[in-house]
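Topology and contacts: notes
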Amino acid sequence: MAWKAIGIFDSGVGGLTVLKEIVRALPQEDTIYLGDTARVPYGTKSPETVSRYARQIASFLLSRDIKLLVVACNTASAVALDSLKELLPIPVVGVIEPGARRAAAVTETGKVGVIGTEGTIRSSAYAKAIKRMNPEIEVITRACPLFVPLAEEGWVDNEVVRLTARLYLRGLREEGVDTLVLGCTHYPLLKGVISEVMGEGVTLVDSAEETARTVAEILLGSGMLRPAAEQGNHHYFVTDVPAGFIKVGNRFLGGQLGDVYQVSLEDDAAGEG
Ligand code: DGL
């Protein structure tokens, strides 16, 4: 039997933090990753634009015969997940719901903080998802846009990132949240500094880890999980020249990327408006 791959996409390199967790949880699965490096960042763009990009990418990955689609980008999950779920004939998993579920489960004081891009925070997608699980929880949010370039630059442990984190997170600390959702693909790289600034009593929720768990549950439940004895292959596609993606990607993945191919989504997106 030929096992199909899991499709994963992000605006760029950040979704590799989600791929890393999926590969850790399910090393037997083949994956196809698309990073939309020609059009990154999504976090500052309108919901309409991000949704259009997401549909184009979904159609590209679907044409590669995937069995499940992971929207690794928090911004795309926040604004495009529902329409992708309606459109596609396969399961679609975003990163918001798994992170929100975990946060609702671990908070003891009922005060949860969420950090993400401007687009994710503006959408209120995390706050809505957490409140769906428990309306009593108070959700305090903060956009932290500078964390994205800092993580890509590899500045994850120096005075610049520490000062930036202190300024961004001060309000959340003062509010006394006991749980903080890392609602952006890049933030797991800054876990050390974020945790140091927030202090010991605050639990960090990594949406990437929770998403990998959800993917495993869905594949198991639907009989699509590949036998554990197999070894998965990983393919990477980007929409700009691969050099920058490879350089930063190895760090995000914590290992060596395989071959990375450049593709044009315009060909796949005929008829998209
Ligand atoms: N991948 C995006 C996210 O998780 C961060 C980078 C961007 O703005 O495109 O929201």
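For the structure itself, consult the block above.
Worth saying up front: this structure is predicted, and the values here are computed from it rather than measured. (Residues numbered from 1 in each chain as written. Predicted model: local features only at pLDDT ≥ 70, side-chain atom pairs only at ≥ 80, totals over all residues. Heavy atoms only, no water.)

Time to look at the sheet that holds strand β6 (residues 138-143). The strands that make up a sheet are held in pairs by hydrogen bonds between backbone atoms, and each pair lies either parallel or antiparallel. Pairing is parallel across the open sheet formed by four strands, whose spatial order is β6-β5-β7-β8. A strand with exactly one partner marks an edge of an open sheet, and here the two such strands are β6 and β8 (203-206). Within this sheet the neighbouring strands show an average axis-to-axis angle of 25°, counted without direction. In this sheet, strand β7 (residues 179-183) lies alongside strand β5 (residues 111-116) in parallel orientation, the contact comprising five bridges. Within β7, the residue paired with Val112 across the bridge is Thr179. Contacts from helix α8 (residues 159-175) reach β5, β6 and β7 within the one sheet, and its direction differs from that of β6 by about 170°. On the sheet, helix α10 (residues 207-221) packs against β7 and β8 and is oriented at approximately 50° with respect to β8. (Pairing = 2+ DSSP bridges. Helix = DSSP H or I, 4+ residues; strand = E, 2+ residues; numbered from the N terminus. Axes fitted to C-alpha atoms, helices over the stretch in contact; angles between N-to-C directions. Contact = heavy atoms within 4.5 Å.)

What follows covers the site of the ligand. Every one of the 13 residues lining the ligand counts as a neighbour, but Asp10, Ser11, Tyr42, Gly43 and Thr75 are closest to it. Between the ligand and Tyr42, the relevant distance is 2.7 Å, taken from an oxygen atom to a main-chain nitrogen or oxygen of the residue. Between an oxygen atom of the ligand and a main-chain N or O atom of Asn74, the distance comes to 3.0 Å. Grouping the constituent residues of the shell around the ligand by class yields five nonpolar, seven polar and one charged. (Near = heavy atom within 4 Å. Polar contact = N/O pair within 3.5 Å; in protein donor to acceptor, adjacent residues only side chain to side chain. Nonpolar A, V, L, I, M, F, W, Y, C, P; charged D, E, K, R; others polar.)

Here the focus is the pattern of salt bridges. All told, the structure shown has 14 salt bridges when counted by the stated rule. With its nearest N and O atoms 3.3 Å apart, the salt bridge here joins Lys4 to Asp65. Of this pair, Lys4 sits in the segment before β1 (6-10) while Asp65 sits in the loop between α2 (47-62) and β3 (68-71); the two residues are 61 residues apart in sequence, bridging distant segments of the chain. On the basis of relative accessibility, which here comes to 39%, the residue Lys4 falls in the partly exposed class. With its nearest N and O atoms 3.3 Å apart, the salt bridge here joins Glu209 to Lys191. Of this pair, Glu209 sits in helix α10 while Lys191 sits in helix α9 (residues 191-198), and the two are 18 residues apart along the sequence. Residue Glu209 is classed as partly exposed on the basis of its relative accessible area of 30%. Through salt bridges with shared partners, a single network forms among Asp30, Arg226 and Glu230. (Salt bridge = Lys/Arg side-chain N within 4 Å of Asp/Glu carboxyl O. Buried < 20%, exposed > 50% of the residue type's maximum accessible area, 1.4 Å probe, protein only.)

Another aspect to go through is the sheet that holds strand β10 (residues 260-262). Taken in spatial order, the six strands line up as β4-β3-β1-β2-β9-β10 in an open sheet, and their pairing is parallel. The open sheet has two edge strands, β4 (92-94) and β10, and neither has a second partner. The mean angle between the axes of side-by-side strands here comes to 20°, regardless of whether they run parallel or antiparallel. Sheet topology places β1 next to β3; four bridges connect them, and they run parallel. Within β3, the position partnered with Ile6 by the bridge is Leu68.

Interpretation note: all reported values are geometric properties and have no functional meaning in isolation.
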